[in-house]
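# Reading the structure
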Amino acid sequence: MRKPLWSLLMLAGTLLCIWGMLAWHPSDKGVEAPFATVERADVHQVLAIEGRLGYAEQRYIRATSSGVVTQVCVQKGQRVAAGEALFRLDGAPQAQLASALAADVLPDQAVEGLADIKHSVIRSEENCTVREVLVTQDMLVTAGMPVAVASSNQQEIVCRVAEKDGEGVIAGMWGWLSSGGEALGTALVETVGDCQADALTGIPCMDITFRPAQHIELPEGTVIDVDVFIAGSDDVPSLPLEAITERDTVWWVSGGRCTEIPARIVMADEIRAWVELPEGINVALGEFVEGQRVQEAAE
């Protein structure tokens, strides 16, 4: 009697296995979905603006004596050191200066006291960059006359932004610089100007001036992109934004099933969200049903 019973049990087990195999469907593995892992990255909120490269503290260089320009030693955009020759002069006779004044060739000023100095040199008093050269060779100049425009070698980037965009930016903040997609280093906010209506649009605007941390080897007037650091942190647990649902939750995947849990967002930028979740956990991207089986989609 035991043998037929044992045979029946074996048959039943075999039939159950066959039924299970026939009833199995690949969908039991779960739907495929892209996964993301909580991992450490930088999350920064920035204000993206642009400005033009220039130089600070522009001023006139004036002739230190009177005479005829015999040599122009510099050109526009040239950086010069203190003591370096800018122009060479041959002293002009008093009569020639007086004649030039009478003909309105030179500014109206007294001739008395003008020195008749041969082969004088106008030198730079400090390290600077020549912005404009105002005289040419063989030109007659008199002491005190502007012969060039110069600036300090300190570069600056002036960005004009709408008041609503510039709110919250203060001196001492910093930003990343780039031009044409090439990184140029960083810069500090030096000044934030008063809000005034733009002459063309009438929109309330302000000028934000940045001081680059290093010299930028680009022509004056080049458009510079500035990403001003507003808030954020480096090396924090984060997820890509697409992993966060509209309800500020994520679909946590554990044991092949997904569970909706709060994302606990600290801060987000345009790419990633800083989250208070354990590093290394996996979440599925998309919308699911609580407890739904899900597997990571093959790349």
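### A closer look at the sheet that holds strand β5 (residues 67-72)
What holds strands together in a sheet is hydrogen bonding between their backbones, with the strands either parallel or antiparallel. Here we have four strands laid out as an open sheet, ordered β8-β7-β5-β10, and antiparallel in their pairing. With one partner strand each, in any of the chains shown, β8 (120-123) and β10 (140-141) form the two edges of the open sheet. Across four bridges, strand β7 (residues 85-90) lies against β8 in antiparallel orientation. Its bridge partner being in β8, Leu 89 is matched across the sheet by Ser 120.

### Quick word on the sheet that holds strand β19 (residues 257-262)
With antiparallel pairing, four strands are arranged side by side in an open sheet as β2-β22-β18-β19. Single-partner strands in this sheet number two, and they are β2 (35-37) and β19. Taking each pair of neighbouring strands and ignoring which way they run, the sheet shows an average axis angle of 45°. Relative to β19, strand β18 (residues 249-254) is paired through six bridges, and the arrangement is antiparallel. The residue of β19 that forms the bridge with Val 253 is Cys 258.

### Side note on the confidence of the model for the protein chain
Here the protein chain shows a mean pLDDT of 85. Residues at 70 or above account for 81%. A low-confidence stretch, residues 14-27 stays under pLDDT 50, and its non-local contacts, those more than four residues away or across chains, total one contact. Note that pLDDT drops below 50 for residues 108-117; the model gives that stretch 19 contacts with residues more than four away or on any other chain.

### Focus on the packing of aromatic side chains
Tallying each qualifying case throughout the model produces four aromatic pairs. Between Trp 174 and Trp 176, the aromatic rings sit 4.6 Å apart at their centres with planes inclined by 75°, giving edge-to-face as the arrangement. Classification of Trp 174 as partly exposed rests on a relative accessible area of 32%. Where Trp 251 meets Phe 288, the ring centres are 5.9 Å apart and the plane angle is 80°; that geometry is what we call edge-to-face. One end of the pair, Trp 251, is in strand β18; the other, Phe 288, is in the loop between β22 (282-284) and β23 (294-296), and 37 residues separate them in sequence. In this pair, the class of Trp 251 matches that of Phe 288, namely buried. Among the aromatic residues, ring-to-ring pairing joins Trp 174, Trp 176 and Phe 229 into one connected group.

### Things to note about the environment of Arg 79
Within the secondary structure, Arg 79 is located in strand β6 (residues 79-80). Put simply, Arg 79 and Cys 128 are 49 residues apart on the chain and 5.8 Å apart in space, counted from C-alpha to C-alpha. Beyond its immediate stretch of four places on either side in the chain, Arg 79 contacts Cys 128, Thr 129, Asn 153, His 215 and Glu 217. At 3.4 Å, the side chain of Arg 79 and the side chain of His 215 are in polar contact.

### A look at unusual backbone geometry
For Glu 57, which is not a glycine, the phi torsion comes out positive at approximately 60°. Take Glu 57: it is sitting in the loop between β3 (39-55) and β4 (59-62). A positive phi angle is found at Asp 235, which is not glycine, with a value near 55°. Mapped onto the secondary structure, Asp 235 falls in strand β17 (residues 223-240). The class of Asp 235 is partly exposed, set by a relative accessible area of 44%.

Rules of the game
Residues numbered from 1 in each chain as written. Predicted model: local features only at pLDDT ≥ 70, side-chain atom pairs only at ≥ 80, totals over all residues. Heavy atoms only, no water. Pairing = 2+ DSSP bridges. Helix = DSSP H or I, 4+ residues; strand = E, 2+ residues; numbered from the N terminus. Axes fitted to C-alpha atoms, helices over the stretch in contact; angles between N-to-C directions. pLDDT = per-residue confidence, 0-100. Contact = heavy atoms within 4.5 Å. Phe/Tyr/Trp six-rings, centres within 6.5 Å; stacked < 30°, edge-to-face > 60°. Buried < 20%, exposed > 50% of the residue type's maximum accessible area, 1.4 Å probe, protein only. Polar contact = N/O pair within 3.5 Å; in protein donor to acceptor, adjacent residues only side chain to side chain.

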